[in-house]
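Residue-level structure breakdown
Each chain, written out:
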Amino acid sequence: MKKVIKIILIIFLLLLLLQLIVTIFTKEYINNYSLKTKKNTFLINEHFHDKRYDIVITDKNKEKYIFTVSHNYHKEKNIIKNVNYFETKNLTCLYPVLKKSFSSDLYCLYNKKQVTLSFLETLDDENIKDFLTQMSKKKLTNSLPKESSKEKFSNISIYKNNILPNYTYLLWNYKGLYIVNSKKTINEKFLSKDKYENTLATLLDNYYIYIDTTKENYKEINYYDLKKNKNYTYKIKDYNLSKRIYFNGLYNHELYLTDLDTKKEYKFNPKKKKFYQINELDSYYVVKDNKLVTITKSKFFSNKVYFDGFIKNEKITDLYKTKEIKYVNNYYYFKVKNKIYKALKNHEKSAILLFELPSIKEWNIKDDDLTVVSDDTFYLYNDEVGLLKLIQSNELRYNYKNICHLWKNKK
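A short tour of the structure in this document, coming up. All figures in this text were calculated on a predicted structure; none of them were measured in a lab.

**Regarding the nonpolar core**
- Membership of the largest hydrophobic core comes to 34 residues, with the highest contact counts inside it found for Tyr 169, Leu 171, Trp 172, Phe 190, Tyr 208, Phe 378 and Ile 391.
- Among the elements of the structure, strand E10 (156-159), strand E11 (167-172), strand E12 (176-181), strand E14 (201-204), strand E15 (207-210), strand E30 (377-382), strand E31 (386-392) and strand E32 (404-408) are those that each provide at least two residues to this core.
- Ranked by residue count, the leading element in this core is E11, at five residues.
- Not counting chain neighbours up to four residues away, the residues in contact with Tyr 208 comprise Leu 170, Trp 172, Leu 177, Phe 190, Asn 198, Ala 201, Thr 202, Leu 203, Asn 222, Tyr 223, Tyr 224 and His 405.
- In this structure, Cys 93, Leu 117, Leu 140 and Ala 351 belong to the second largest nonpolar core, which totals 28 residues.

**Overview of the state of the cysteines**
- Taken as a whole and assessed by the stated rule, the structure comprises one disulfide.
- Linked covalently through their sulfurs, Cys 93 and Cys 108 form a disulfide whose S-S length is 2.1 Å. One quick way to see it: the torsion about the S-S bond of Cys 93 and Cys 108 is about 110°, and its sign makes the bridge right-handed. On the criterion of sequence distance, the pair formed by Cys 93 in strand E6 (residues 91-98) and Cys 108 in strand E7 (residues 107-110) is long-range, its members being 15 residues apart.
- Accessibility expressed as a relative area gives 0% for Cys 93, which makes it buried.
- Accessibility expressed as a relative area gives 1% for Cys 108, which makes it buried.

**Comments concerning the sheet that holds E11**
- Pairing is antiparallel across the open sheet formed by four strands, whose spatial order is E13-E12-E11-E32. The strands lining the two open edges of the sheet, one partner per strand, are strand E13 (185-189) and E32. In this sheet, adjacent strand axes meet at a mean angle of 20° when their direction is disregarded.
- Relative to E32, E11 is paired through five bridges, and the arrangement is antiparallel. Across the sheet, residue Tyr 167 finds its bridge partner in E32, namely Lys 408.

**So, helix H3 (residues 126-137)**
- The first and last C-alpha atoms of H3 sit 16 Å apart over twelve residues, in line with the 16 Å expected at 1.5 Å per residue.
- For H3, the full list of buried residues reads Ile 128, Phe 131, Leu 132 and Met 135. The buried residues of H3 occupy one face: seen down the axis, they fall within an arc of 95°. Within H3, the exposed residues directed more than 90 degrees away from the buried face are Glu 126 and Lys 137.

**So, the layout of surface pockets**
- Its boundaries defined by the atoms lining it, the second largest pocket holds a volume of some 910 Å³.
- Along the walls of the second largest pocket sit 40 residues, with Thr 68, Ser 70, Asn 382, Asp 383 and Glu 384 positioned nearest its centre.
- Of all the secondary structure elements, the ones that give two or more residues to the lining of the second largest pocket are strand E4 (64-69), E7, strand E8 (113-115), helix H2 (117-121), strand E25 (331-336), strand E27 (352-356) and E30.
- Considering each element in turn, the lining of the second largest pocket owes the most residues, four residues, to E4.
- A breakdown of the residues in the lining of the second largest pocket according to their chemical character gives 18 nonpolar, twelve polar and ten charged.

**Some words on the pattern of salt bridges**
- According to the stated counting rule, one finds 14 salt bridges in the structure shown.
- As a salt-bridge pair, Arg 244 and Asp 261 come within 2.6 Å of each other at their nearest N and O atoms. Here the residue Arg 244 occupies a position in the loop between strand E17 (230-235) and strand E18 (245-251), and Asp 261 occupies one in the loop between strand E19 (254-259) and strand E20 (264-269), the gap between them amounting to 17 residues.
- What makes Arg 244 partly exposed here is its relative accessible area of 46%.
- Asp 369 serves as the salt-bridge partner of Lys 408, at 4.0 Å between the closest nitrogen and oxygen. Taken as a pair, Lys 408 in strand E32 and Asp 369 in strand E29 (residues 369-374) lie far apart in primary sequence, 39 residues in all.
- For Lys 408, a relative accessible area of 36% corresponds to the partly exposed category.
- Judged by its relative accessible area of 5%, Asp 369 is buried.
- Here the residues in one salt-bridge network are Glu 76, Lys 99 and Lys 100, joined through shared partners.

Conventions used here
- Residues numbered from 1 in each chain as written.
- Predicted model: local features only at pLDDT ≥ 70, side-chain atom pairs only at ≥ 80, totals over all residues.
- Heavy atoms only, no water.
- Core = buried A, V, L, I, M, F, W, Y, C linked by side-chain atoms within 4.5 Å.
- Buried < 20%, exposed > 50% of the residue type's maximum accessible area, 1.4 Å probe, protein only.
- Helix = DSSP H or I, 4+ residues; strand = E, 2+ residues; numbered from the N terminus.
- Contact = heavy atoms within 4.5 Å.
- Disulfide = S-S within 2.5 Å.
- Pairing = 2+ DSSP bridges.
- Axes fitted to C-alpha atoms, helices over the stretch in contact; angles between N-to-C directions.
- Expected span 1.5 Å × (residues − 1).
- Arc of directions from axis to C-beta.
- 1 Å grid on protein atoms, 1.4 Å probe; cavity = no way out; pocket = protein on both sides within 12 Å on 5 of 7 lines; lining within 4 Å.
- Points joined across faces, edges and corners; volume = space filled by probe spheres on them.
- Nonpolar A, V, L, I, M, F, W, Y, C, P; charged D, E, K, R; others polar.
- Salt bridge = Lys/Arg side-chain N within 4 Å of Asp/Glu carboxyl O.

The values reported here are purely geometric and, on their own, carry no functional implication.
This is the structure:
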């Protein structure tokens, strides 16, 4: 009998060890389950990847609610324990109850299309406003837009209460940068003369890289380290750059740039302090659909090549008539007129309307943070805080290309 118990115990421990090994090495899984409440029945699709859970909840009317949970549940399954359902007029909302009482948020369909609370707040509808106020009092939402007074600094106005910790915002001011974070705002001067068009400048990780176009020759690359608040100069010794250079863009923490006169493509790494030529005979580097590939010399120089982050998705283009599409963390972000949407991969028909602004001149996405220039204002959007006004500058009405940047100090 003792021998049998010992064998059973060994088998149990081996199975436990096997399960532990499988869990450790599991990087992705899809899990389906259902929940039944008094008001509704929900089918839940749970896709775990990259330490995140992409959730699709389908109610009894086959309406879908899509969101992502970034909390670390250590690869556990069935992370949704209950779903609260609310309905008013042309609005239906879910509040998922997550495992271990981790805070959730409200996810809503307006006229059967998923929208964010930021968008709902802009609607001139007293019924919806009252509903959102009730939800806020019940503490069922944490991402309603917040009012913030403006503080004047030089020629700009800053919505100081909207400047989140660990976020730094940059605004080119013709001779340098306004650098804005929750602790301080500074005006860092780089140039002796005004540089109106900010084409030869970019933000690469914590380095703001720029070439001083007021100088007669381009023999050096400058970069400002936002972590150290210090400016550096890299002297180009092995190559002669003409004044007809342009920045292709960023890839894998490096800057790519091209000289149209010499027909050479270069790469600059500020962290390693390296600058070198990368093209070989008839082969030049470009980024397509977030991948580095090579094309021929004739094709490369037929037009200027920019790594703008846009990708192709024929389904989104057909459905929404747009080609301004970017892909980050399993979501497609895209612009339709003055609206910004995002759609979970393989759920393009169920795109979520994030927000609408009077005009959208420029927009960028980095990780889960989306920045927008609209009229005279620089905005931030993410799912946690909603849409926030950051900086107001009258200059943005006329000059906005490559002017505003976001750096998040992940520490």
